[in-house]
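Each chain is listed here by its residues.
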Amino acid sequence: NIFSFYLLTTIGLILSLLATNRVALTRGTRSFLTLYLVPLVLLLVINQTRSAWAGCLILFLVYGTIQDKRVLVLTLALPVVALAVPGVRERLMALASGNQYVGWAENVNAYAWRKILWQKSLPLILRQPLWGHGLYSFPYYSPTFFPLETTRGVDAHNVYIQLLFETGIAGLAAYLWIFWRKFRSLLRYWQTDKRGLTMVATMMSVYLVTCYSDNLLEYVSYDWFYWFTFGLIFADLS
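Here we summarise the structure given alongside this text.

## Topic: the pattern of salt bridges
In a structure, side chains of opposite charge can pair up when their charged atoms sit close to one another. The final tally for this structure, using the stated rule, is two salt bridges. Between R70 and D68 there is a salt bridge, and its shortest N-O distance comes to 3.0 Å. Given a relative accessible area of 18%, D68 falls into the buried group.

Set out below in structure tokens:
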């Protein structure tokens, strides 16, 4: 998963560079970056992280809409082509079965497993709604309320649920405030680079989308890369 999200952010950064008017790329550099997208996308497909697939699709849809309609057509056709690949088809079809929990972990798919985990955590969240139970308390308490994993702790596989559990409404609001400030900063410079900043905003939105189903708070090396990248972007803007 860590490698998948690294690839996802790298793809988003390249698309931002191809769309921006703030950086003057030579024809050779643009050709190289475009060509470099091919192995990145192939590695992302092979890695089989479904949320990263969805994020990549969003990036290319937005890029195709604002920059190159040929990319948009190709992106719309891509899911059909991807379903012809056995590994991709099996990974996606796995979500079509195992949606009912009947007492065994093996009988539920990965998304149903997550939903059960989130549902079982809600009563404890409501006990300490404002400040939560403390950092890293979710995996500590999870064996006591999650029937599919009673021998070892698990993370929430959802940044928002984990923050609510561990830091309460206050912690979740502080986390979202960081992104709100970044979106406001982008709006301040919007007129200077509409296409490039649209891609930057899409990269941030994709991160928030993947927070819904993955433990992004746990992927420290990826978070370093992600925030360093955005640090460079906003330093350049300011």
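## Quick look at a nonpolar patch on the surface
A cluster of nonpolar side chains, F3, Y6, L35, V38, L42, L43 and I46, forms an exposed patch at the surface whose accessible area comes to about 690 Å². When residues of the nonpolar patch are traced back to their parent elements, those giving at least two are α1 (2-19) and α2 (27-47). Ranked by the residues each element gives to the nonpolar patch, the list is headed by α2, at five residues. Tracing the backbone shows L35 in helix α2. On the basis of relative accessibility, which here comes to 59%, the residue L35 falls in the exposed class.

## Considering unusual backbone geometry
Not every positive phi belongs to a glycine, and Q48 is a case in point at roughly 65°. As for its position among the elements, Q48 is in the loop between α2 and α3 (50-66).

Definitions and limits used
- Residues numbered from 1 in each chain as written.
- Predicted model: local features only at pLDDT ≥ 70, side-chain atom pairs only at ≥ 80, totals over all residues.
- Heavy atoms only, no water.
- Salt bridge = Lys/Arg side-chain N within 4 Å of Asp/Glu carboxyl O.
- Buried < 20%, exposed > 50% of the residue type's maximum accessible area, 1.4 Å probe, protein only.
- Patch = residues over 30% accessible without salt bridge, like charges linked within 9 Å, V, L, I, M, F, W, Y side chains within 5 Å.
- Areas by Shrake-Rupley, 256 points an atom, 1.4 Å probe, with all protein chains shown as cover.
- Helix = DSSP H or I, 4+ residues; strand = E, 2+ residues; numbered from the N terminus.

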